[in-house]
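Fold and contact review
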Amino acid sequence: MLTRAAHSVTGTEAVGPYTLLRIQRGDLDPGLPGQFFMLEAPGRLLPRPMSLCLATESELAFLIDPIGPGTRALCSLELGDRLAILGPLGNGFRLDVERPLLVGGGIGIAPLPYLSERLDNPPAVLGFRTSWHAEAAALVPNAEVVLEPIYVTEVMPAGHDVLACGPAPMLEAIRALTPHAQLAWEAPMACGYGACWGCVVRIDGELKRLCVEGPVLDAAA
Ligand SMILES: Cc1cc2nc3c(=O)[nH]c(=O)nc-3n(C[C@H](O)[C@H](O)[C@H](O)COP(=O)(O)OP(=O)(O)OC[C@H]3O[C@@H](n4cnc5c(N)ncnc54)[C@H](O)[C@@H]3O)c2cc1C
Ligand code: FES
């Protein structure tokens, strides 16, 4: 059964323009990389979906881009504050790949530190708008970093199983290059577990509730 639990903030840290929010892990299962948690700052109407960025025995950490009211409220939490958390939710990345290459764009790198750890630090290619945003690349070992106007698809080596997260145009460009890819998509999510139909996207003419059928989908699907 899904239960929302209250957990304490154990620390926050600025990483370029992003905030790394650490919370007490308690008995939460970190799940698979690419799965997500609904995080709700106190006093907020709706929780916000966030990919797990890092997991230790005692903490879970989320890398958050403060782009609107919900994410700004999460980024302004302080040590000892409590937030409600639900998860892990959705389908994460399959880890049974032979030659993994991690690809991330902007805040889409959020699930890659945990994914990298689970796959023993494979090569990664990360793209950012500016060198300030690229400070987040320090969280992903073995990463080649490119800044705009160069795009990750211009430097991705061939012959790998790609595991990618980032803006939709980046994922579409990867899909056009290779069917050997798992892509983590995004849509605004209100519930996170299939009840509200708010996250429906059309992919290749098919409607999918991203929170239950994704957010990670095979490129060839
Ligand atoms: C599965 C999943 C995992 C995510 N993981 C992370 C993460 O690890 N770190 C992180 O910073 N963000 C992540 N996001 C995105 C994050 O949930 C949204 O940025 C957040 O919900 C925006 O809420 P807000 O109240 O701050 O802004 P809002 O006011 O809700 O939105 C600000 C602007 O962004 C647009 N927007 C909001 N949500 C999305 C979305 N999901 N996709 C595209 N456009 C959107 C809105 O239309 C609006 O224009 C994830 C989203 C999903 C679906
Ligand atoms: S977020 Fe409610 S159905 Fe997907």
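Bear in mind the structure is a predicted one, so any value in this text is a computation, not a measurement.

Moving on: the site of ligand 1. Taken together, 20 residues lie near ligand 1, and Arg48, Pro49, Asp65, Gly70 and Thr71 sit nearest. Ala187 has a polar backbone atom sitting 3.2 Å from a nitrogen atom of ligand 1. Interatomic distance of 3.5 Å between a backbone N/O atom of Pro188 and a nitrogen atom of ligand 1. Spatially, ligand 1 is embedded in the largest pocket. Looking at the shell around ligand 1, the elements with two or more residues in it are β4 (48-51), β6 (59-64) and α1 (69-75). Considering each element in turn, the shell around ligand 1 owes the most residues, 4 residues, to β4. Here the shell around ligand 1 is built from residues that sort into 13 nonpolar, 4 polar and 3 charged.

For the rest of this paragraph, the subject is the state of the cysteines. Working definition of a disulfide: a covalent bond connecting the sulfur atoms of two cysteines. Within this structure, the stated rule accounts for 0 disulfides. Of the cysteine sulfurs around Cys75, a residue in no disulfide, the closest is that of Cys53, at 12 Å.

Definitions and cut-offs
- Sequence positions are assigned chain by chain, starting from 1 and proceeding in written order.
- By the order in which they are written, chains take letters starting at A while ligands take numbers starting at 1.
- The predicted origin of the model limits local features to residues at a pLDDT of at least 70 and limits the giving and counting of side-chain atom pairs to 80 or more, whereas totals for whole chains, interfaces and linings rest on all residues.
- Computation of side-chain values: all heavy atoms of the structure, hydrogens and water removed.
- Note on definitions. A residue lies near a molecule or strand when any single heavy atom of the residue is within 4 Å of it.
- Polar contacts here mean pairs of N or O atoms no more than 3.5 Å apart (in protein, one a potential hydrogen donor and the other a potential acceptor; neighbouring residues in sequence count only if both atoms are side-chain atoms).
- A 1.4 Å probe that fits into a set of points on a 1 Å grid over the protein atoms alone but cannot get out defines a cavity; an open set with protein on both sides within 12 Å along at least five of seven lines defines a pocket, and lining residues are those with an atom within 4 Å of a point.
- The way we define it, a molecule is inside a pocket or cavity when more than half of its atoms are within 2 Å of that pocket's grid points.
- Helix numbering and strand numbering both begin at the N terminus, where a helix is a DSSP run of H or I of at least 4 residues and a strand a DSSP run of E of at least 2.
- Classification convention: Asp, Glu, Lys, Arg as charged; Ala, Val, Leu, Ile, Met, Phe, Trp, Tyr, Cys, Pro as nonpolar; all other residues, Gly among them, as polar.
- A pair of cysteine sulfur atoms is labelled a disulfide when the two atoms are within 2.5 Å.

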